[in-house]
Amino acid sequence: MDLHYTAAAPTAQERAAVDQLLGPPTSGWEGGARRPIDGHTAPDAREARGRRHLLLPALHAVSARVGWVSEGALNYICRRLTVPPADAYGVLSFYALLSATPRPPTIVHVCDDIACMVSGAQALCADLERTVGPAGSPVGDGSALWLRSPCLGLCERAPAALQTVAGEQPRSEPIAPASSADLRAALAGVATPAYTPYQLPQHGSSDLRLLRRIGRVDPTSIDAYLTAGGYAALRRAFELGPAGVIAEVSQSKLLGRGGAAFATGRKWEAVANQPEQPHHLVCNADESEPGTFKDRVLMEEDPFALLEAMTIAAFAGGCEYGYLYVRGEYPRATRRLSGAIEQARARGFLGQNILQSGLRFDVELRSGAGAYICGEETALFNSIEGFRGEPRNKPPFPVQKGLFGKPTVVNNVETLLNVLDIIVSGGANFAAIGTPASTGTKLFCLSGHVVIPGLYEVPFGVTLRQLIESAGGVAGSKRLQAVLMGGAAGAFVTADELDTPLTFEDMRAVKATLGSGVVLLLDDTVNLEALLLRIAAFFRDESCGQCVPCRVGTARQEESLRRLAAGRPLGSLPQERALLTEMGQAMRDASICGLGQTASAAIESAMTKLNAFTRTAT
């Protein structure tokens, strides 16, 4: 291993931040005091190399203390973990929430993505540029700056922002909805406005399953959760046994709710049958699809339910280790989950011999650092392991070789929470809800020009029109231009298609997708071309760059759209549109992962259904 360290040394603050996470160094090899024996042996070197998975947490620790990661801090982290500095720098530079260049302690991330764009983010950013300076430039005495940000998962409260303050007691708080005055105050160091508890639009409805505890049960108290019937599903799972749990989940026909819609029971059974040990469980809570916020609400308002569901999944799949990977832009969810894990562990619901069942299972919380691609399961594995969050080629699939090369169950938050009702009520009862091919209920994230934005739960088969009407109908001009389904990686539904049932199969029939549950309403005042340009820029920025079709294709796609928006196509308008379609096909056919494969979906949908980009220069 080639470790080329520089002469840069960490500050006392940086060293303390790393040592608080990793413990004090034990030898000169790790950056501690050099001893005579260190010239002959490297004690604990093997253990240090085995701790590479702590690289991202260590980078987070330094960034939270001082605001950025200096060369000296990176050197020290690399000595502690025996990671080449060039390799660690590649990881550091991969994430948007981390910086290798000096930053002030206070950062305000202002979302200008599609949901916030529809709700006035452009005017908000323009006001900040006029009053405090351009994005990325230090404000006032240099102790703060603001940055434009992709979706922060606060779409029902748009426009939104996130304030982070580094220091010995770092803090990170959302500001949503955000006003210009709020953001200027945040940049000046004034406390951000109180983040009010989530208000469920369907509060009090007897038809809720996944959302029934929200607003009724204190999410910070395990006793409140137990009083509301918490952990009854886990006890029932122990009665059924691992095979019985898998049988119920398979009978329910539960499909994954993250967008891929893979059969959950098949996934669990595949891992359970793998002879290689240990097995891992990963909860993918890195929902970064623009317009999506369902998992955030579930984690903030019902964290114990997620932990119970993870424990059932671990029991079924024979998993001893669990990782809960939460996107870095969700500080409130991270705090809630951290507290829930501590309480569950203290009460015997995590750890050794859970409920005297013989099950050994614990959960480790990991925070992402601003990378959309880490929502792809294998990129998430790389991120946890301390590498750049780049997707892996498949096969082998995660059920065979996943996290740390071991068989791994990976599900998203909404998928896991469905398991509780399946185990308590039975798979057959769950399958009776919805349609034969799309069973159960589905969470939808309504935002944009809708009267009552928020998170809604409805049975599969309800029409899009019925869902919109339950949210009060179209806001803004009250004249609907289109609905973006599934987020930036989704597709558009026109006003003529509102009576389409919300099922996997019916959405495919109209060349749309349910995806992660995004339902973004656009009235006829929205500049559709500007929205599509934002989507193109998003995919260009978020491409990990590993494969040529995506790295080059997303950049060329944006260039093509800009030519079309300016009315100056390359050749003729039909030629430019044909080129755009050809690039989309190349990305679908040859990209390693779903990012490149779906990067052109919404754009091609808008051009086909909404006739976007049809003008030429006059």
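No experiment lies behind these values; they were computed from the predicted model shown.

A. Just unusual backbone geometry, in detail. Pro177 follows Ala176 through a cis peptide bond whose omega is -5 degrees. Within the element layout of this structure, Pro177 appears in the loop between β4 (171–175) and α8 (180–187). With a phi close to 55 degrees, Asn611 is a non-glycine residue in the positive phi region. Following the sequence through the fold, Asn611 ends up in the segment after α24 (601–609). Using a relative accessible area of 48% as the deciding quantity, one classes Asn611 as partly exposed.

B. Quick look at the nonpolar core. Judged by nonpolar contacts, the single largest core of 143 residues is most densely connected at Tyr95, Trp268, Met299, Leu306, Leu324 and Phe492. Element by element, the count of residues in this core is highest for helix α13 (residues 303–317), at eleven residues. Once residues within four sequence positions are removed from consideration, Leu324 is found in contact with Cys283, Ala285, Met299, Leu306, Leu307, Met310, Leu337, Val363, Glu364, Leu365 and Arg366. Core analysis: the second largest hydrophobic core is formed by 27 residues, Leu255, Val450, Phe460 and Leu498 among them.

C. Molecular detail of the domain arrangement of the protein. Each assigned domain of the protein is listed here: domain 1 (12–92), domain 2 (106–187), domain 3 (222–431), domain 4 (441–523) and domain 5 (528–609). A C-alpha centroid distance of 32 Å is found between domain 2 and domain 3. Taken together, the contact pairs 13 residues of domain 2 with eleven residues of domain 3. Between domain 2 and domain 3, a total of about 960 Å² is buried, with carbon and sulfur atoms accounting for 57% of that surface. Contact with domain 3 buries surface across domain 2, with Cys151, Gly153 and Glu156 losing the most and accounting together for 37% of the total. Where domain 2 packs against domain 3, one counts two salt bridges. Arg296 serves as the salt-bridge partner of Glu156, at 2.6 Å between the closest nitrogen and oxygen.

What counts, and where the lines are drawn
- Residues numbered from 1 in each chain as written.
- Predicted model: local features only at pLDDT ≥ 70, side-chain atom pairs only at ≥ 80, totals over all residues.
- Heavy atoms only, no water.
- Helix = DSSP H or I, 4+ residues; strand = E, 2+ residues; numbered from the N terminus.
- Buried < 20%, exposed > 50% of the residue type's maximum accessible area, 1.4 Å probe, protein only.
- Core = buried A, V, L, I, M, F, W, Y, C linked by side-chain atoms within 4.5 Å.
- Contact = heavy atoms within 4.5 Å.
- Domains from an automatic or database assignment.
- Buried area = accessible area lost by both parts, 1.4 Å probe.
- Salt bridge = Lys/Arg side-chain N within 4 Å of Asp/Glu carboxyl O.

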